[in-house]
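# Coordinate inspection notes
Spelled out from the first residue to the last, the chains are:
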Amino acid sequence: MPQTVIDQIDKYRKHCLWRGYDINPRISPKAAWSMVCLPKEEGGLGVLNLKTQNESLLLKNLYKFYNKVDTPWYILFGINIIRMENYVVILKKGFFWWRDNLNLLDKFKGLAMCKIQNGSTCLFWTDLWGDQVQCQVYPELFSFARNKLL
């Protein structure tokens, strides 16, 4: 969901929680919203944080894309487009839903480790493989690389 939609939903949830049935009370909140969103075990009310939930679902889409899970949208993106163009070029194109997924690509790469096979889904310099990211371990060597996207 776009951030503006998440903000509007959170606004309605806050009003429902703090105001109840009265539309115009001037009652200040009893607790911060960040505390309300904490799990019950940590002293919160267990209300879902929609931004975190949205990010986790987008990260799940990236997982499915990189692992070539057989889903309709992967078939649309993965097979029809990758056959026609270079893999790295595709990551920069697409409509808003795909761009939202790609905004979390660095976070996903920090969580997921590549399994080296034929090299079609792993970037040498920027992906986590072998328990390290090569561009961070060897920054001087990375500065001399002609194609930093390999």
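Calculation notes
Residues numbered from 1 in each chain as written. Predicted model: local features only at pLDDT ≥ 70, side-chain atom pairs only at ≥ 80, totals over all residues. Heavy atoms only, no water. Helix = DSSP H or I, 4+ residues; strand = E, 2+ residues; numbered from the N terminus. Contact = heavy atoms within 4.5 Å. Expected span 1.5 Å × (residues − 1). Polar contact = N/O pair within 3.5 Å; in protein donor to acceptor, adjacent residues only side chain to side chain. Axes fitted to C-alpha atoms, helices over the stretch in contact; angles between N-to-C directions. Parallel < 35°, antiparallel > 145°, perpendicular 65-115°, else oblique. Nonpolar A, V, L, I, M, F, W, Y, C, P; charged D, E, K, R; others polar. pLDDT = per-residue confidence, 0-100. Patch = residues over 30% accessible without salt bridge, like charges linked within 9 Å, V, L, I, M, F, W, Y side chains within 5 Å. Areas by Shrake-Rupley, 256 points an atom, 1.4 Å probe, with all protein chains shown as cover. Salt bridge = Lys/Arg side-chain N within 4 Å of Asp/Glu carboxyl O. Buried < 20%, exposed > 50% of the residue type's maximum accessible area, 1.4 Å probe, protein only.

### Thoughts on the environment of valine 133
Secondary-structure assignment places valine 133 in strand S2 (residues 132-133). Each C-alpha atom of the pair valine 133 and lysine 109 lies 9.3 Å from the other, and the pair is 24 residues apart in sequence. With residues near it in sequence (within four places) discarded, valine 133 still touches Trp125, Thr126, Asp127 and Leu128.

### A word on helix H3 (residues 50-66)
Between its first and last C-alpha atoms H3 spans 24 Å; for 17 residues at 1.5 Å apiece the expected length is 24 Å, and the two agree. The distance from a side-chain oxygen at the start of H3 to the backbone nitrogen of lysine 51 is 3.1 Å, and the residue carrying that oxygen is asparagine 49. Of the residues trailing H3, lysine 68 is marked for its positive phi of about 55 degrees.

### Concerning the packing of helix H1 (residues 3-19) against H3
Relative orientation of the contacting elements H1 and H3 amounts to 140 degrees, with a least axis distance of 10 Å. For the element pair H1 / H3, the angle class is oblique. Mapping the contact onto sequence places Gln3, Ile6, Ile9, Asp10 and Arg13 in H1 and Leu50, Lys51 and Asn54 in H3. Its residues assigned to classes, the contact of H1 with H3 shows 3 nonpolar, 2 polar and 3 charged.

### What to know about the environment of asparagine 101
If you trace the backbone, asparagine 101 turns up in helix H6 (residues 96-103). Put simply, asparagine 101 and leucine 62 are 39 residues apart on the chain and 6.7 Å apart in space, counted from C-alpha to C-alpha. Those residues in contact with asparagine 101 that sit more than four places away from it in its chain are Leu58, Asn61 and Leu62.

### Quick look at the packing of H3 against H6
Orientation of H3 relative to H6, taken along the N-to-C sense of each, is 90 degrees, at an axis distance of 9 Å. Between H3 and H6, the angle falls in the class roughly perpendicular. Listed contacts from H6 to Leu58, Asn61, Leu62 and Phe65 of H3 are Trp97, Trp98, Asp100 and Asn101.

### Brief notes about the confidence of the model for the protein
Summarising the model, the protein shows a mean pLDDT of 76, and 77% of its residues fall at 70 or more. Residue range residues 83-89 is modelled with pLDDT below 50. Its contacts to residues more than four positions away, or to other chains, number 9 contacts.

### Regarding a nonpolar patch on the surface
On the surface, Met1, Val5 and Ile9 cluster together to form a nonpolar patch covering roughly 220 Å² of accessible area. With respect to the helices, strands and loops of the structure, isoleucine 9 is situated in helix H1. In this structure isoleucine 9 comes out as partly exposed when scored by relative accessible area, which is 31%.

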